[in-house]
Amino acid sequence: PWCRHRRAAWPRRAPSVIMALRRAASRALSSAPTSARVARARAVRSIASLASGPGAATAAPRPTAAAVAWALPALAGAGAARAFSASAGVAERGSTVRVEYTGTFVDGDDKGETFDSSVGREPLRFTIGEGQVVPGFERGVEGLKVGETREFDVSVADGYGDRREDLVLEVPRDRLPDDVKVGSVLGMEAQGQTIPVTVTELGEESAKLDANSALAGRPLHFKVKLVEVEEANAHAEAAKSGALSMEELAPGDGKSFPTTGQRVTVHYTGTLASDGKQFDSSRDRGDPFSFNVGVGQVISGWDEAVMQMSVGQRAKVYIPSHLAYGAAGAGGVIPPNADLVFDIEVLSLD
């Protein structure tokens, strides 16, 4: 269905409403001063990119869509033992970053109130310079070092733009779902993207729909902490070389390394390198995973990586497809020829 309200489809008998909304959406996407990607971000209420966070994804703020490939620095040599790459740790143009943030209003009756926050969610991930977040947020993050916190204001022009009255539409009441009410958010699709429209008025014969972002016309304040930096070209380099690469997230004891056949217990989270989509996590289950390392009980990339890690160490491991599940993929969750990224922590050796 073109328009959705919860799980209710819009009636097919509303072509005039559909065309009016499509035209409004098209204007919103084409006339904004920034890229279409940022214009779409302005059409959602969270601060992120198209799918979730300032603007993951359509998720609120943290773009759940427009995901960017993981970028991990490659090892100097594929066979380098117990060698981990170190990120420069500075957010620069072209770098993929993860940030924690809280956004508050700077004027109006709700001055100082929080309108969005990553607290309780995964950090927002985006690439600087790709237009995945509003310009003011991007500039505020640029130059931060990992672990640093910065507060900054974002103007209307550098945020979600001015409120536009041409994005407020009046439609016949009988063209809307029966259970709609003031405040309901309907989803409309335009140019391949779903844009939320809010029901602002509801009469017996007509209703008004507002396609403006709730943040349109509002100057904003953000408090941001840089959690992680990934080098933007590292994934491509690692993929081209076909080598496994590792980035240390936390050091281990530096002494207790596993030997072939030894039982190892780890926590891990696995994601697709292509878009960052998570497919498995022992952390989410609260159930550590144990296996005998180096004897083929896991994919070869795991054996190679874990043999280089000491107890207590945590690393992000980029595993090319030929060291993972290859052309076969796995269980309908991992596509054929998929490169993978694992966040692995060695808990103990038996």
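Residues numbered from 1 in each chain as written. Predicted model: local features only at pLDDT ≥ 70, side-chain atom pairs only at ≥ 80, totals over all residues. Heavy atoms only, no water.

### A few points about the overall build of the protein
Keep this limit in mind: A run of DSSP states H or I qualifies as a helix once it reaches four residues; a run of E qualifies as a strand once it reaches two. Both are numbered from the N-terminal end. With a 1.4 Å probe rolled over the protein chains alone, any residue whose accessible area is under 20% of its type maximum counts as buried; one over 50% counts as exposed, and the rest are partly exposed. Surface accessibility in these figures is a Shrake-Rupley result with a 1.4 Å probe; residues are shielded only by whichever protein chains are displayed.
Broken down by element type, the protein carries six helices and 17 strands. Counting over 350 residues, the protein shows a buried share of 48%. When the accessible area of the protein is evaluated, it comes to approximately 15800 Å², of which 47% is carbon and sulfur surface.

### Brief notes about the packing of aromatic side chains
Note the threshold: Here the aromatic set is Phe, Tyr and Trp, taking the six-membered ring for Trp, and pairing holds for ring centres within 6.5 Å; pairs whose planes are under 30 degrees apart are stacked, those over 60 apart are edge-to-face, and all others are tilted. Cation placement over rings: the criterion is NZ of Lys or CZ of Arg within 6 Å of the ring centroid and within 35° of the ring normal.
Within the structure shown, the criterion is met by 15 aromatic pairs. Ring centres of phenylalanine 137 and phenylalanine 152 lie 6.1 Å apart, and the angle between their planes is 65 degrees; on these two criteria the pair is classed as edge-to-face. With phenylalanine 137 in helix H3 (residues 135-141) and phenylalanine 152 in strand E6 (residues 149-154), the pair connects residues that are 15 residues apart, well separated along the chain. With respect to class, phenylalanine 137 is no different from phenylalanine 152; both count as buried. Ring plane angle 75 degrees and centroid distance 5.9 Å describe the contact between phenylalanine 289 and tryptophan 302, whose orientation is recorded as edge-to-face. Within this pair, whereas phenylalanine 289 is found in strand E15 (residues 289-292), its partner tryptophan 302 is found in helix H6 (residues 300-306), the two being separated by 13 residues in sequence. Chaining the aromatic ring pairs together yields one cluster made of Tyr101, Phe105, Phe115, Phe126, Phe137, Phe152 and Phe222. Across the ring face of phenylalanine 105, the terminal group of arginine 218 is positioned such that the distance to the ring centre comes to 4.0 Å.

### Here we look at the nonpolar core
Rules: In this description, a nonpolar core means a group of buried Ala, Val, Leu, Ile, Met, Phe, Trp, Tyr and Cys residues linked to one another through side-chain atoms lying within 4.5 Å.
Val266, Trp302, Val306, Val317, Ile319, Phe342 and Ile344 are the most contacted members of the largest nonpolar core, which totals 25 residues. Among the elements of the structure, strand E13 (263-272), H6, strand E16 (314-319) and strand E17 (340-349) are those that each provide at least two residues to this core. Membership of the second largest hydrophobic core comes to 23 residues, among which are Ile128, Phe137, Leu215 and Leu226.

### Concerning the pattern of salt bridges
Proximity of charged atoms lets side chains of opposite charge pair with each other. Applicable threshold: Basic side-chain nitrogens of Lys or Arg form a salt bridge, by our definition, when they fall within 4 Å of a carboxyl oxygen of Asp or Glu.
Scanning all chains against the criterion turns up 14 salt bridges. With a shortest N-O distance of 2.8 Å, arginine 164 and aspartate 166 are connected by a salt bridge. Two residues, aspartate 280 and arginine 285, come together in a salt bridge whose shortest N-O distance is 2.5 Å. On the basis of relative accessibility, which here comes to 47%, the residue arginine 285 falls in the partly exposed class.

### Observations regarding the side chain of asparagine 212
Stated formally: Within 3.5 Å is the distance limit for a polar contact, defined as a pair of N or O atoms, with the added protein rule that one can donate a hydrogen and the other accept it, and that residues adjacent in sequence qualify only through two side-chain atoms. Should any heavy atoms of two residues lie within 4.5 Å, those residues are considered in contact.
Along the chain, asparagine 212 turns up in the loop between strand E10 (206-210) and strand E11 (220-230). Among the polar contacts listed, one links the side chain of asparagine 212 to the backbone oxygen of arginine 164, at a separation of 2.7 Å. Excluding its chain neighbours within four sequence positions, the residues that come into contact with asparagine 212 are Asp162, Arg163, Arg164, Leu167 and Val168.

### Points about unusual backbone geometry
The phi angle at asparagine 337 is positive, at roughly 60 degrees, despite the residue not being glycine. Looking at the element boundaries, asparagine 337 is found in the loop between E16 and E17. Judged by relative accessible area, which is 51%, asparagine 337 ranks as exposed.

### Points about the pairing of E16
Condition: For two strands to count as paired, DSSP must find a minimum of two bridges between them.
Judged by how many residues are buried, E16 sits mostly within the fold: five of six residues are covered. Relative to E16, strand E12 (residues 245-250) runs antiparallel, the two sharing five bridges. Within E16, the residue paired with alanine 250 across the bridge is arginine 314. Sheet topology places E16 next to E17; six bridges connect them, and they run antiparallel.

### Notes on the confidence of the model for the protein
We apply this condition: In predicted models, pLDDT denotes the confidence assigned by the predictor to each residue on a 0 to 100 scale.
The share of residues in the protein with pLDDT of 70 or more is 70%, and the mean pLDDT across the chain is 75. Per-element confidence in the protein ranges from a low mean pLDDT of 31 for strand E2 (residues 8-9) to a high of 97 for E6. The low-confidence segment residues 1-87 (pLDDT under 50) makes 285 contacts with residues lying over four places distant or belonging to another chain.

### Topic: the pairing of E17
Judged from the nine bridges that link them, E13 and E17 form a sheet pairing that is antiparallel. Its bridge partner lying in E17, threonine 265 is registered against serine 348.

### Looking at the environment of valine 306
Tracing the backbone through its elements, the reader meets valine 306 in helix H6. On a C-alpha basis, the gap between valine 306 and threonine 259 in space is 9.8 Å, while along the polypeptide they are 47 residues apart. In this view, valine 306 contacts Pro258, Val264, Phe291, Val293, Ile344 and Val346; residues no more than four positions away in its chain are not counted.

### Examining the environment of isoleucine 319
Mapped onto the elements of the fold, isoleucine 319 is located in strand E16. By relative accessible area, which is 0% here, isoleucine 319 ends up buried. Taking C-alpha positions, isoleucine 319 is 7.8 Å from phenylalanine 342, a pair spaced 23 residues apart along the chain. Dropping the residues within four chain positions of it, isoleucine 319 is found in contact with Leu244, Ile299, Gly301, Trp302, Ala324, Asp339, Leu340 and Phe342.

### Quick look at the environment of arginine 150
For arginine 150, the position within the fold is in strand E6. Distance in space between the C-alpha atoms of arginine 150 and phenylalanine 222 is 8.1 Å, their sequence separation being 72 residues. There is a polar contact of 2.6 Å between the side chain of arginine 150 and the backbone oxygen of glycine 140.

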